[in-house]
Amino acid sequence: MGCCPSRICRPKTKMSTTVSQFAKEVLHFSSQYGTDGNVSYVVPNLAGPSTIYPSYGDMTAACVFRTYGPWWELAPSSQPEIGRNAKKPYLGQDFVDLWYAEKVYPTEVRIYETYHPGAVVQIFACEIHRDQAGQIVNNNVRWQLLWSGRPQVSLSDPRIFSPPLRKVRFASNLIRLVVHHQHLRYYTELDAVELVGTLQDDGTDLDAVYALRMQTLSIRSQDDLNVSPSMAIDNGCFDMLPGELIQLIFSDLELLDLCRAAPTCKLFKKHCYDKLQFVELDLQPYWHKVNENTLDGLAERCQHLQKLSLAWCGDWGSLSTESFSSFILECGAELRCLRLSACAFLTPNNISVIASKCPKLEELDLSSVRVKLDSDAFNPLTTLSNLTRLNLYRTRITETVVINIIRNSPKLEHLNLGAIQTIQSFDNVVAELVKCKYLLSLNLWRARSLTITGLGALSEGCKNLQEIDLGWCVQLRGTQFSSSFVSFVQSCRKLRKLFLTAVRSVSNNDMNAIAAYLPDLEQLDVLGTLSVSTDGVQRILESCPKMRFCDLSFCNSMSDMEIIVLRAAYPKVTIQRSFVTS
Amino acid sequence: MQSVLVYGRHFARCVMGYIPYDASASVDLPGRRSARRQMQLVTASCGFSKDSAANNNRPGQVFKKDIFGDDACFVAKYKNYDVLGVADGVGGWRDYGIDPSQFPSQLMKTCERLVKLGHFNAQSPVAIIATSYKELLENKTPCIGSSTACIIVIDNESKTLHSANLGDSGFLIVRGGKVVHRSEEQQHYFNTPFQLSIAPPGLNTILSDSPESASSSSVPIKVGDIVLMATDGLFDNMPESLILKEIGKIKDQTISSIQSAVNAIAERAREFAYDPNYMSPFAEHARANGMEFLGGKPDDITVLISAVCYAQDIDS
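Residues numbered from 1 in each chain as written. Chains lettered and ligands numbered in written order. Predicted model: local features only at pLDDT ≥ 70, side-chain atom pairs only at ≥ 80, totals over all residues. Heavy atoms only, no water.

As annotated in an unreviewed UniProt entry, chain B carries the name Protein phosphatase and is attributed to Patiria miniata. The UniProt entry for chain B carries the following text under Sequence similarities (unreviewed entry): "Belongs to the PP2C family." (UniProt positions renumbered as here; feature names shortened; annotations may be inferred.)

Looking at an unreviewed UniProt entry, one finds chain A named F-box domain-containing protein, with Patiria miniata as its source organism.

Right under this line is the structure:
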């Protein structure tokens, strides 16, 4: 894309040249609303100059992430928190990596927010190297934090968000935005991200204090301590405490504090290195610090590891496929939960190591892992027979492999097959799912090949289903749609969440069926349906007392006035109504 | 008073032409100037909505850029490629309470975006139509309607014009006062062109052709050529000989002379459209199909004219 204007201005003072540029390319991201390869509501829309600002609204040309608000966390499929007594949940929910043509020392990052602003919580920068063909040839990466702040309450105005940045030590060409959108009323939408910076280090921006802090924060393998003999004997009052109590106190520490406490004395080290302190390990909040040394250092402490999250970790060469494999070889035997969302380093070899060394695995998250894993890479997973929760969102898995995995995982409770484009026939996949008697949630977001045949199969099995996402299943249509939908809700009466986003055939007849058969319904999305009218929605709101969320955006047969009346009549329900401006 | 208003409107529409893609948009860096002179396009457009003459006060009729009644068009540039497109919405949707201009304008807007993003293959304008159509299906807003579509991509490097045409819009390449290439019209039967459609669920009788059924061609193009692109509102009302006559009046390749030619053609076509005693090309076709018909065919008219010329040397 040669259309990014970069303006170069040379101030008269001795300061170095300032360059302003828009992102050239989106290299990596965690989730998106649109479909990969398309240009509507996809994260790659963030590249290039601003095209929407100062308009405000729900635009196809914007960058939109997959979720917002509390609704996904309130649904049955919500992932439980893991980690050490997670008191301070990590704020990041999504990220996007933006590549810029010119390497600069960032002085300003201007984020054009054009719908529900306030989601950006962190801005990181680093430098990556690409060869002539555009391939990334990094073998390590140093992330530097430019800004971090609390999520902001959304104002309904477009804005250019430009927080004050920390000065940094080296030039960057990659910016990562970390966003948190749980507090927002609707999807946040971003238009463009402009990076302003100087070409040369102006010499004054070496923030020694900050650099030092970055260093102390890094998780490293702890060398053996050289403690003097006298100190080693006397631990003061701590000697009087029973070991279990110290253990309990330390279990309240965050991971980084635990690592910092270890060098204090031998007693502390003993407790901080105790394998029982490392039963659950969530490294996602430290994705920018995790490297091969981290895994090496943690391996000996993680012999009893049961739950591990490496989500977002290891990008741009900070983790090698070998170091991950050797960590799993050493610590995988007891693993029950493994989260590897957006881990771009994963290779087919890693998948076979996981499959063979983690026999107890019950939960596996491979969402947005696309780079090196194609169809056959997932084949080894068929040996895992204890899976209850599997997330394959946006992967490139094929129909045969998915079917084999489902066949061998009779205990499946939560399955996410959202935005998978490599499955030829979702009907065949769903037909296999009928044997999963315990299935509670099923995500078929953008399952383009799913037809009413598949919907029919679901109503035969899967009677315990509490949640289903059929958003953008565009082949769910035809004259038979309504009858198969009605028989579906008749047999899956425990549904709490039902998403029918842009399933254009949904009509009032289907609304009546929902009202009649789904007494536990809490969340309903019928965005973009043409013939759903206020009557139909009102019937649901009346007969489903647990309703909390209802998205009626772009339902053209309802007027804005009718929505206002509905909102007033059902104040407990969040009724969504998005809009586009021209 | 009414007529003054009408005229004011027409004037407003006519001046909404395109600024020519001046040299600064495609400059060669000094010192790296290629020996061959670059080709570039100067494009102007003009159009009339059917309603602006017949029923000026139709409520909800707002002026939008690149939209003439139920017609829509776009002009975009990406690197060495100039891309032009027109689309003609099927008016019948008005009976269903649906604005027929929405579909073609969204279609053209999406094509324009795809071009500006570089999301296209210059050799395959059919794919631009197909991709744009798929993007319409991805839109949260249900975009109901039908439209014809014609897209040309001019590769200034290889000096080739690639085209895709679905339906009865079309284009002509005029060289030395003669038509050297014209697009193929695609009709199911008389006055029923091929069309792209998105129908609301339950409506199964809507005519809908696949984007891939568009006819495509690739022809060489030279500096000095004139490319005229228009919806059927022009071709149904104005015989080719008259179009050529107007094009012959273009004296140089400046935006102002292109603009005045395009204005003249569009205005002539509009006059014919409302002349009940004129034997229009449409009337001739109707007669050939056994229908007694005389006069022009009131329709939305959109005309784009591009002159192929050398990029100006900015150094000189």
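Novice: Would you take a moment to explain the nonpolar core for this structure?
Specialist: A general feature of soluble globular proteins is that nonpolar side chains tend to end up buried together. Grouped together as the largest cluster of nonpolar side chains are 136 residues, with contacts concentrated most on Leu444 and Ile514 of chain A. Built from parts of two domains, this core gets at least three residues from each of domain 1 (18-215) and domain 2 (425-582) of chain A. Contacts of leucine 444 of chain A, omitting those with residues within four sequence positions, involve Leu417, Phe426, Val430, Leu450, Leu458, Asp469, Leu470, Gly471 and Cys473 of chain A. Ile98, Phe103, Cys143 and Phe194 of chain B belong to the second largest nonpolar core, which has 32 residues in total. (Core = buried A, V, L, I, M, F, W, Y, C linked by side-chain atoms within 4.5 Å. Buried < 20%, exposed > 50% of the residue type's maximum accessible area, 1.4 Å probe, protein only. Domains from an automatic or database assignment. Contact = heavy atoms within 4.5 Å.)

Novice: In this structure, what is going on with the packing of helix H8 (residues 321-331) of chain A against helix H9 (residues 348-357) of chain A? I would like to understand it.
Specialist: Describing two packed helices takes the angle between their axes plus the distance from one axis to the other. All names here are of chain A. Closest axis-to-axis distance for the H8/H9 pair is 10 Å, and the angle between their directions is 0 degrees. Viewed along their axes, H8 and H9 adopt a mutual orientation that is roughly parallel. In this structure, H8 contributes Thr321, Phe324, Ser325, Ile328 and Leu329 to the contact, and H9 contributes Asn349, Asn350, Val353, Ile354 and Lys357. Here the residues of the contact of H8 with H9 are counted per class, giving five nonpolar, four polar and one charged. (Axes fitted to C-alpha atoms, helices over the stretch in contact; angles between N-to-C directions. Helix = DSSP H or I, 4+ residues; strand = E, 2+ residues; numbered from the N terminus. Parallel < 35°, antiparallel > 145°, perpendicular 65-115°, else oblique. Nonpolar A, V, L, I, M, F, W, Y, C, P; charged D, E, K, R; others polar.)

Novice: Can you walk me through the domain arrangement of chain A in this structure?
Specialist: Reports of interface size often rely on the accessible area that becomes lost once the parts have come together. Residues and elements named next belong to chain A. Domain boundaries in chain A define domain 1 (18-215) and domain 2 (425-582). Summarising the inter-unit geometry, the C-alpha centres of domain 1 and domain 2 are found 33 Å apart. Across the contact, 20 residues belong to domain 1 and 27 residues belong to domain 2. The contact between domain 1 and domain 2 buries some 1,900 Å² in all, and 48% of this surface belongs to carbon and sulfur atoms. Summed over the three residues of domain 1 that lose the most area to domain 2, namely Tyr33, Trp71 and Pro76, the buried surface amounts to 32% of that side. Across the contact surface, domain 1 and domain 2 share one salt bridge. A salt bridge links aspartate 469 to arginine 66, with the shortest nitrogen-to-oxygen separation between them at 2.9 Å. Viewed at the interface, domain 2 and domain 1 are joined by 14 residue pairs in polar contact (both at pLDDT 80 or more). Residues of the side of domain 1 that touches domain 2, tallied by class, amount to 11 nonpolar, six polar and three charged. (Buried area = accessible area lost by both parts, 1.4 Å probe. Salt bridge = Lys/Arg side-chain N within 4 Å of Asp/Glu carboxyl O. Polar contact = N/O pair within 3.5 Å; in protein donor to acceptor, adjacent residues only side chain to side chain.)

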